[in-house]
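Spelled out from the first residue to the last, the chains are:
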Amino acid sequence: MHTKLVMSLVLAALLFTPQMFAQGRGGPARPLARVQPSDKPFDAHDLAGIWTRNSSPGGYGGGGTCPDCGDRGFGNDTPPFTPQGQKMFDANKPSYGRTLGTADAAAHTEEHIGRRRAVSPSNGTDPYQYCNPMGVTRALIYPDPVEFVVLPDRIYQHYMWGYGIRPIWTDGRKLPDDPDQPRWWGYSVAHWEGDVLVVDSNGHDERTWIDHFGYPHSDQMHLQERYKRTNYNTLELNWTITDPKVYTKPWVGQTKRFHLIQKSDVKTVDGWAGIMEDVCAPADEVDQFDKRIRDQTGGIPPEKK
């Protein structure tokens, strides 16, 4: 697929109003066969395949999350911030959630303030707006396919949105105690506890956001993911962030679910099957993003002129 076509799909997604993302569920439930528990036999230790949280019939290309997949944020039960964490949180100005200062935002106090402070995309603080990698948590939350590629000594998570690759090592190595070089995708190791794959990671570059609501983390964040294949169609993720520089206690995220699709379900108009090259390309910024988004929502920030 041509980069401009892909970018057009990205921009179309960005054109949704903040309110469309406020609940994070992308509209009414759809009768998707893949969401229904299957009685087909499966190996609980085999996570290979393409998994999606998307509500569209094909499992990709716009739409929200499927009915049982959880919302678009890490979790609404946000722990109190440390002073440093509060400062980092205030500096991030997301474009998703209920619009800041509106009656809609004021009416939903059951949601953390982080979900009620959306501003125009022209604010320029979202790192992915400039095609930087999203980081692990945000990439997993976004409702587009993730392919698990299982090798003897590692598992690769290949994210369609942004076309990122994350290695998870299963060769018995330990995490570095204090990585001297943070990484966009962190350092990740995994082991099995019964039928649960436990992934621990650290060394995450603090320029990434935990989710599209702009929650911060530091380079001291430790993320633990616990994956369990509960039936042939379903992969369940429970996860916890521990970051004492930003949060006063561990943040237990909302349970997320992914559903299995076949590589033949994801294909270009030419019939080329498999994960698409859904790249955010800086070369298209002026031709695509500026004309279709920034110029329509407040203009280019002065530092970009």
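In the block above lies the structure referred to throughout.
Keep in mind it's a predicted model, so treat the numbers as computed, not measured.

**Things to note about the pairing of strand 3 (residues 154–159)**
Along any regular strand the residues' side chains alternate between the sheet's two faces. With respect to burial, strand 3 is a largely interior element, five of its six residues being buried. For strand 2 (residues 146–150) and strand 3, the ladder comprises five bridges, and the chain directions are antiparallel. Each residue of the ladder has a partner; that of Glu 147, found in strand 3, is His 158. Hairpin connection from strand 2 to strand 3: three residues lie between these consecutive antiparallel strands.

**Examining the state of the cysteines**
For the coordinates displayed, the defined rule picks out two disulfides. The side chain of Cys 66 participates in a disulfide bridge whose partner is Cys 69; the two sulfur atoms lie 1.6 Å from each other. Across the pair, Cys 69 and Cys 66 agree in class, each one buried. Each sulfur in the disulfide pair Cys 131 and Cys 280 lies 2.1 Å from the other. With the S-S dihedral at roughly -65 degrees, the linkage between Cys 131 and Cys 280 falls on the left-handed side. Highlighted residues: Cys 131 in the loop between helix 4 (103–106) and helix 5 (136–141) and Cys 280 in the loop between strand 10 (256–261) and helix 6 (285–292), separated in sequence by 149 residues. Taking the relative accessible area as the measure of exposure, Cys 280 reaches 11% and is therefore buried. Cysteine pairing in the chain follows 1-2, 3-4, where each cysteine in a disulfide is numbered by its order in the sequence.

**Some words on the pairing of strand 4 (residues 164–169)**
As paired elements, strand 3 and strand 4 share six bridges and run antiparallel to each other. Across the sheet, the residue bridging to Tyr 159 is Gly 164, located in strand 4. Counted between consecutive antiparallel strands, the loop separating strand 3 from strand 4 contains four residues, among which Gly 162 sits at a positive phi close to 90 degrees.

**Considering the nonpolar core**
One recurring pattern in soluble globular proteins is that nonpolar side chains are buried together. Ranked by size, the top nonpolar core spans 41 residues in total, and within it Leu 140, Phe 148, Tyr 215 and Tyr 227 carry the most contacts. Counting only elements with at least two residues in this core, the list comes to helix 3 (83–91), helix 5, strand 2, strand 3, strand 6 (196–202), strand 7 (222–231), strand 8 (234–242) and strand 10. Excluding its chain neighbours within four sequence positions, the residues that come into contact with Tyr 227 are Leu 47, Leu 140, Phe 148, Gln 157, Arg 166, Asp 195, Val 196, Leu 197, Val 199, Leu 235, Glu 236 and Leu 237.

**Looking at unusual backbone geometry**
Of note in the backbone geometry, Cys 131 takes a positive phi value of approximately 70 degrees without being a glycine. Of note, Tyr 163 is a non-glycine position whose phi angle comes to about 55 degrees, a positive value. Residue position: Tyr 163 is located in the loop between strand 3 and strand 4. Classification of Tyr 163 as partly exposed rests on a relative accessible area of 32%.

**Considering the environment of Pro 216**
Residue placement: Pro 216 occurs in the loop between strand 6 and strand 7. Taking the C-alpha atoms as reference, Pro 216 lies 9.6 Å from Lys 87; in sequence the two are 129 residues apart. The contact partners of Pro 216, leaving out residues within four places of it in the chain, are Phe 81, Gly 85, Met 88, Phe 89, Asn 92, Ile 210, Val 246 and Tyr 247.

**Details of the side chain of Asn 231**
Its place among the elements puts Asn 231 in strand 7. For Asn 231, a relative accessible area of 11% corresponds to the buried category. Of note is the side chain of Asn 231, whose polar atom sits 2.8 Å from the backbone nitrogen of Asn 233. Of the polar contacts made by the side chain of Asn 231, one reaches the backbone nitrogen of Thr 234; its length is 3.2 Å. Filtering out sequence-adjacent residues up to four positions away, Asn 231 remains in contact with Pro 37, Ser 38 and Phe 42.

**What about the pattern of salt bridges?**
This model, assessed by the stated rule, comprises twelve salt bridges. Taking the shortest distance from any N to any O, the salt bridge between Asp 205 and Arg 207 comes out at 2.7 Å. For Asp 205, a relative accessible area of 8% gives the class buried. On the accessibility criterion, Arg 207 (51% relative accessible area) is exposed. A salt bridge links Lys 245 to Asp 219; its shortest N-O distance comes to 3.6 Å. Of this pair, Lys 245 sits in the loop between strand 8 and strand 9 (251–252) while Asp 219 is found in the loop between strand 6 and strand 7, placing the two residues 26 residues apart along the sequence. The exposure class assigned to Lys 245 is partly exposed, which follows from its relative accessible area of 31%.

Procedures and definitions
- Residues numbered from 1 in each chain as written.
- Predicted model: local features only at pLDDT ≥ 70, side-chain atom pairs only at ≥ 80, totals over all residues.
- Heavy atoms only, no water.
- Buried < 20%, exposed > 50% of the residue type's maximum accessible area, 1.4 Å probe, protein only.
- Helix = DSSP H or I, 4+ residues; strand = E, 2+ residues; numbered from the N terminus.
- Pairing = 2+ DSSP bridges.
- Disulfide = S-S within 2.5 Å.
- Core = buried A, V, L, I, M, F, W, Y, C linked by side-chain atoms within 4.5 Å.
- Contact = heavy atoms within 4.5 Å.
- Polar contact = N/O pair within 3.5 Å; in protein donor to acceptor, adjacent residues only side chain to side chain.
- Salt bridge = Lys/Arg side-chain N within 4 Å of Asp/Glu carboxyl O.

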